Amino acid sequence: MSDERPQKPLPEEQLSRETTSLEKAPSVSSGPGASAAPVAPALRASDADRERVVERLRDAVAEGRLDMEEFQERLEAAYASRTYAELEPLTRDLPAVGGVPAGAPAAAAGPGQEQAAWPERIGGAGTSSTAVAVMSGFQRKGQWTVPARFNAVAFWGGGDLDLREASFSQREVVITCIAVMGGIQITVPPGVEVDVRGIGVMGAFDQRGNPGPLQPGAPRVVVTGFAMWGGVEIRVKPLKSDRENKPRRRKEL
């Protein structure tokens, strides 16, 4: 028998062999029998999804959050987007509708506001989209559905839009008012966000009343247009039934 014994590999040789074996070894799954999870395909965006992003970008311009150059760049990117992943970065740095950052806690409803049931009152087709008063008047009140775009014109006349019992076709509606030597009054319930953007020339767009804390899920009403020798007045006013319930609650307490 030979006395020769196999020599131990030098440290450098051992390290080289271990590295080579690791490179050739197959990858090990995280668990027994586990296989690599397939990558989910990117979800396709619809035309409605793109329009919602474009509408938010338009609001951001009106609010002064974006300049026209940024708006044009994002507008082109929105219409060219094919997936949600491409749309999401376009509004990532913008607050959600109503100026509240996404993920912020919703404001608590005040007394008499818990019966608003806003999710049930948003959606559906608008009852009418135009109201015109020429040396006369118009009125929309009670249970009706406000469309996404509503046009109101008062010329030597007056109009009354009462939204306290109305439903809304969308979460945000725009009411465009033209008042020439006439007046238009818009009444909204407490808890609804109102954004007044109209221009008055020897006239005015006047908002009266405190809307109070915004209700979760409440719509946003944008009032815009033009008033000349006339006015558009936005009032915040609860329903008569809500006012009658307040004294009773105080007595019960």
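Residues numbered from 1 in each chain as written. Predicted model: local features only at pLDDT ≥ 70, side-chain atom pairs only at ≥ 80, totals over all residues. Heavy atoms only, no water.

A count of helical and extended segments in the chain gives five helices and 13 strands. Counted over contacts in the chain with a minimum sequence separation of 6, partners at least 24 positions apart contribute 67%. About 16200 Å² of surface is accessible on the chain, with carbon and sulfur atoms providing 54% of the total. (Helix = DSSP H or I, 4+ residues; strand = E, 2+ residues; numbered from the N terminus. Contact = heavy atoms within 4.5 Å. Areas by Shrake-Rupley, 256 points an atom, 1.4 Å probe, with all protein chains shown as cover.)

Together, Asp67, Glu69, Glu70, Glu73 and Glu76 make up a negatively charged patch on the protein surface. Topologically, glutamate 73 is positioned in helix 3 (residues 68-80). (Patch = residues over 30% accessible without salt bridge, like charges linked within 9 Å, V, L, I, M, F, W, Y side chains within 5 Å. Salt bridge = Lys/Arg side-chain N within 4 Å of Asp/Glu carboxyl O. Lys, Arg positive; Asp, Glu negative; His and termini not counted. Charge placed at Lys NZ, Arg CZ, Asp CG, Glu CD.)

Moving on, we get to the pairing of strand 5 (residues 158-162). Pairing analysis gives four bridges linking strand 2 (residues 137-140) to strand 5, with the strands arranged parallel. Its bridge partner lying in strand 5, glutamine 139 is registered against aspartate 160. Relative to strand 8 (residues 183-188), strand 5 runs parallel, the two sharing five bridges. The residue bridging aspartate 162 from the neighbouring strand is threonine 187, located in strand 8. (Pairing = 2+ DSSP bridges.)

What follows deals with unusual backbone geometry. Although it is not a glycine, tryptophan 156 sits at a positive phi angle of roughly 55°. The residue tryptophan 156 is located in the loop between strand 4 (149-155) and strand 5 in this model. Residues other than glycine seldom take positive phi values, yet methionine 202 does so here, at roughly 55°. Along the polypeptide, methionine 202 turns up in the loop between strand 10 (199-201) and strand 11 (204-208).

Next up on the list: the sheet that holds strand 13 (residues 231-236). With respect to topology, five strands assemble into an open sheet ordered 2-5-8-13-11, the strand pairing being parallel. Where the open sheet ends on each side, the last strands, each with one partner, are strand 2 and strand 11. Averaged over all adjacent pairs, the angle separating strand axes in this sheet is 10°, with direction ignored. (Axes fitted to C-alpha atoms, helices over the stretch in contact; angles between N-to-C directions.)

Overall, the predicted model of the chain reaches an average pLDDT of 76, with 70% of residues at or above 70. The low-confidence segment residues 18-40 (pLDDT under 50) makes one contact with residues lying over four places distant or belonging to another chain. (pLDDT = per-residue confidence, 0-100.)

So, on to helix 2 (residues 47-62). Here helix 2 spans 23 Å end to end across 16 residues, near enough to the 22 Å set by a 1.5 Å rise per residue. Turning to helix 2, its buried residues number three or more, namely Asp49, Arg50, Val53, Val54, Arg56, Leu57, Asp59 and Ala60. Where the residues of helix 2 are buried, they touch helix 3, helix 4 (84-87), strand 7 (172-180) and strand 12 (220-228). Once helix 2 finishes, glycine 64 follows within two positions and takes phi at roughly 85°, a positive value. (Expected span 1.5 Å × (residues − 1). Buried < 20%, exposed > 50% of the residue type's maximum accessible area, 1.4 Å probe, protein only.)

The tally for this structure, following the rule as stated, stands at three aromatic pairs. For the pair phenylalanine 155 and tryptophan 156, a centre-to-centre distance of 5.8 Å together with 5° between the ring planes defines the contact as stacked. Classification of tryptophan 156 by relative accessible area gives partly exposed; the value is 46%. (Phe/Tyr/Trp six-rings, centres within 6.5 Å; stacked < 30°, edge-to-face > 60°.)

Another point: the environment of alanine 204. Tracing the backbone shows alanine 204 in strand 11. Looking at alanine 204, the relative accessible area reads 38%, which means it is partly exposed. Expressed as a C-alpha distance, the spacing of alanine 204 and glycine 183, which sit 21 residues apart in the sequence, is 9.7 Å. Beyond its immediate sequence surroundings of up to four residues, alanine 204 is in contact with Ala227, Gly230, Gly231 and Val232.

The tally for this structure, following the rule as stated, stands at 14 salt bridges. Aspartate 162 is the partner of arginine 164 in a salt bridge, and the nearest nitrogen-oxygen pair spans 2.7 Å. Relative accessible area serves as the criterion here: at 9%, aspartate 162 is assigned to the buried category. Here glutamate 193 ties to arginine 220 by a salt bridge, and the two come within 3.5 Å at their closest N and O atoms. With glutamate 193 in strand 9 (residues 193-196) and arginine 220 in strand 12, the pair connects residues that are 27 residues apart, well separated along the chain.

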